[in-house]
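Results of the structural survey
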Amino acid sequence: MENHFQQKTTKYIETLALKSKAVRDMYFYNSDFENIPIDVSRDVLLEKKNSPTKGLVHKFGNRAMMLLSYTCAANCRFCERQDRVGVGLDKFGHLSKKEIQKAVEYISMHEEINEVIFSGGDPLSNPSGLLFACTLLSKVSHVKIFRLHTKFPIQAPSKVKFELLKKIVKLVPVFYMSIHVNHPDELNEFTIPVLSKIRKLGFIMLSQTVFLKGINDNVDILKQLFKQLSEIGVRPYYIYHCTSIPTTQRFVMDIQREVDIMSSLREQLSGIAFPNHTIDLMGAVGKVIVPTNHWETVRNKVTDYNGMKIML
Ligand SMILES: *Cc1c(COP(=O)(O)O)cnc(C)c1O
Ligand code: SF4
């Protein structure tokens, strides 16, 4: 076991980091907390257990997730998949065409799957694989919804391949794109025009955020982030509790603190600027929604989608 999850940034991030502490903390390796071996056999989210073909995760009945690449433009220090990101699927970190074909065969045989989610790593790191997967899946009639989860426009805005995006959005009926963004410093004169341009190609734009201690654990910061996203046509979709693994401990927040922030945000934001606060349950199946303080609930007990009771 070794820590293979190296520091990796882009020129754009390096420049932004000069003036943003949040960006430095999200991307710069910190030996005080990360000098711990990473267990590559770890499966905290049961993704390996629920993988019928290489790179495919079928955990939630009607939707399947295809991990097209384990490479990202940059490595986030709080990444929940750092047992795989940076390790690679092939020498480029991508899912091969043959494996994509196998995953598509599985999806075509499972008519209950009406939604395919491209994730990773970053699916935009594997443009030819993405085009190949979309081309094959466009012929599978029960797949009606396509979704792509990416951080590429936020990590390497000048490298986004608009021609590719234009092609894939036309191939399929409905294409959602969820952008991973955590702090208002990441929305700027470089990234905003890129997001607007992608939206105008025909993608329905969503965002996902991770609660991060010391970075966005603050009502004003998140209010600014969600307000700004909704103003540029990106609908905040999820804000996650940071998955707790040995190397991410410094980012993991107290859930009640998160609930307090969300409750305050709900009082101040439009419904379209307010995301679902979610925990991807560890060792269980469920992305469960966390209620705000407006409801009186027992906070430390959760039931997963299979009825298993968990203490948080
Ligand atoms: C998050 C996730 C999905 C999508 O879940 P939604 O709640 O619909 O966003 C699908 N598959 C896996 C494995 C996931 O982790
Ligand atoms: S972009 Fe996503 S998958 Fe890639 S390192 Fe960051 S959190 Fe992990």
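Quick note: structure is the one above.
Residues numbered from 1 in each chain as written. Chains lettered and ligands numbered in written order. Predicted model: local features only at pLDDT ≥ 70, side-chain atom pairs only at ≥ 80, totals over all residues. Heavy atoms only, no water.

Time to look at the layout of surface pockets. Volume-wise, the largest pocket comes out at about 780 Å³. Lining of the largest pocket is provided by 38 residues; of these, E80, R81, S119, Q208 and Y240 occupy positions nearest its centre. Grouping the amino acids of the lining of the largest pocket by side-chain chemistry returns 17 nonpolar, eleven polar and ten charged. (1 Å grid on protein atoms, 1.4 Å probe; cavity = no way out; pocket = protein on both sides within 12 Å on 5 of 7 lines; lining within 4 Å. Points joined across faces, edges and corners; volume = space filled by probe spheres on them. Nonpolar A, V, L, I, M, F, W, Y, C, P; charged D, E, K, R; others polar.)

A few words now on the site of ligand 2. Around ligand 2, the neighbouring residues are C72, A74, N75, C76, C79, G121, K151, Q155 and H180. Placement of ligand 2 is best described as lying within the largest pocket. Partitioning the shell around ligand 2 into residue classes produces four nonpolar, four polar and one charged. (Near = heavy atom within 4 Å. Sits in = over half its atoms within 2 Å of the grid points.)

A word on the packing of aromatic side chains. Taken as a whole, this structure holds nine aromatic pairs when the rule is applied. Centre to centre, the rings of Y237 and Y238 are 4.1 Å apart; their planes meet at 35°, and the pair counts as tilted. Where Y238 meets Y240, the ring centres are 5.3 Å apart and the plane angle is 50°; that geometry is what we call tilted. Assessed through its relative accessible area of 13%, Y240 is described here as buried. (Phe/Tyr/Trp six-rings, centres within 6.5 Å; stacked < 30°, edge-to-face > 60°. Buried < 20%, exposed > 50% of the residue type's maximum accessible area, 1.4 Å probe, protein only.)

Before going further, it helps to examine the sheet that holds strand β4 (residues 145-150). An order of β1-β2-β3-β4-β5-β6-β7-β8-β9 is seen for the nine strands of this open sheet, with the pairing classed as mixed. The open sheet terminates on both sides in strands that have one partner only, identified here as β1 (56-60) and β9 (287-289). With direction set aside, neighbouring strand axes in the sheet form an average angle of 25°. In this structure, strand β8 (residues 276-280) lies alongside β9, joined through three bridges in antiparallel fashion. Its bridge partner lying in β9, T278 is registered against I289. (Pairing = 2+ DSSP bridges. Helix = DSSP H or I, 4+ residues; strand = E, 2+ residues; numbered from the N terminus. Axes fitted to C-alpha atoms, helices over the stretch in contact; angles between N-to-C directions.)

Mapped onto the secondary structure, K200 falls in helix α8 (residues 191-201). For K200, a relative accessible area of 66% corresponds to the exposed category. When the C-alpha positions of K200 and V259 are compared, they lie 34 Å apart, and in sequence the two are 59 residues distant.

Attention shifts here to the site of ligand 1. All residues adjacent to ligand 1 are V57, F60, R63, M65, I117, R147, Y237, Y238 and K287. Contacts to ligand 1 include Y237, whose side-chain N or O atom sits 2.7 Å from an oxygen atom. Side-chain polar atom of Y238 to an oxygen atom of ligand 1: 2.5 Å apart, as the coordinates give it. Cavity membership is defined here by more than half of the atoms lying within 2 Å of grid points; on that basis ligand 1 lies in the largest pocket. Going through the elements one at a time, β1, β2 (63-69) and β7 (235-240) are the ones with two or more residues in the shell around ligand 1. Per-class residue counts for the shell around ligand 1 are six nonpolar, no polar and three charged. (Polar contact = N/O pair within 3.5 Å; in protein donor to acceptor, adjacent residues only side chain to side chain.)

Our focus in this paragraph is the side chain of H180. With respect to the secondary-structure elements, H180 resides in strand β5 (residues 174-180). Looking at H180, its side chain comes within polar contact range of the side chain of N182, at 3.1 Å. Excluding residues within four positions of it along the chain, H180 makes contact with F78, T150, K151, I154, Q208 and V210. (Contact = heavy atoms within 4.5 Å.)

Attention now goes to unusual backbone geometry. Put simply, G120 and G121 share a cis peptide bond, and its omega is 20°. With respect to the element layout, G121 can be found in the loop between β3 (115-120) and α5 (127-137). Despite not being glycine, L46 has its phi angle at roughly 55°, a positive value. Summarising the element assignment, L46 is placed in the loop between α3 (31-34) and β1. Taking the relative accessible area as the measure of exposure, L46 reaches 16% and is therefore buried.

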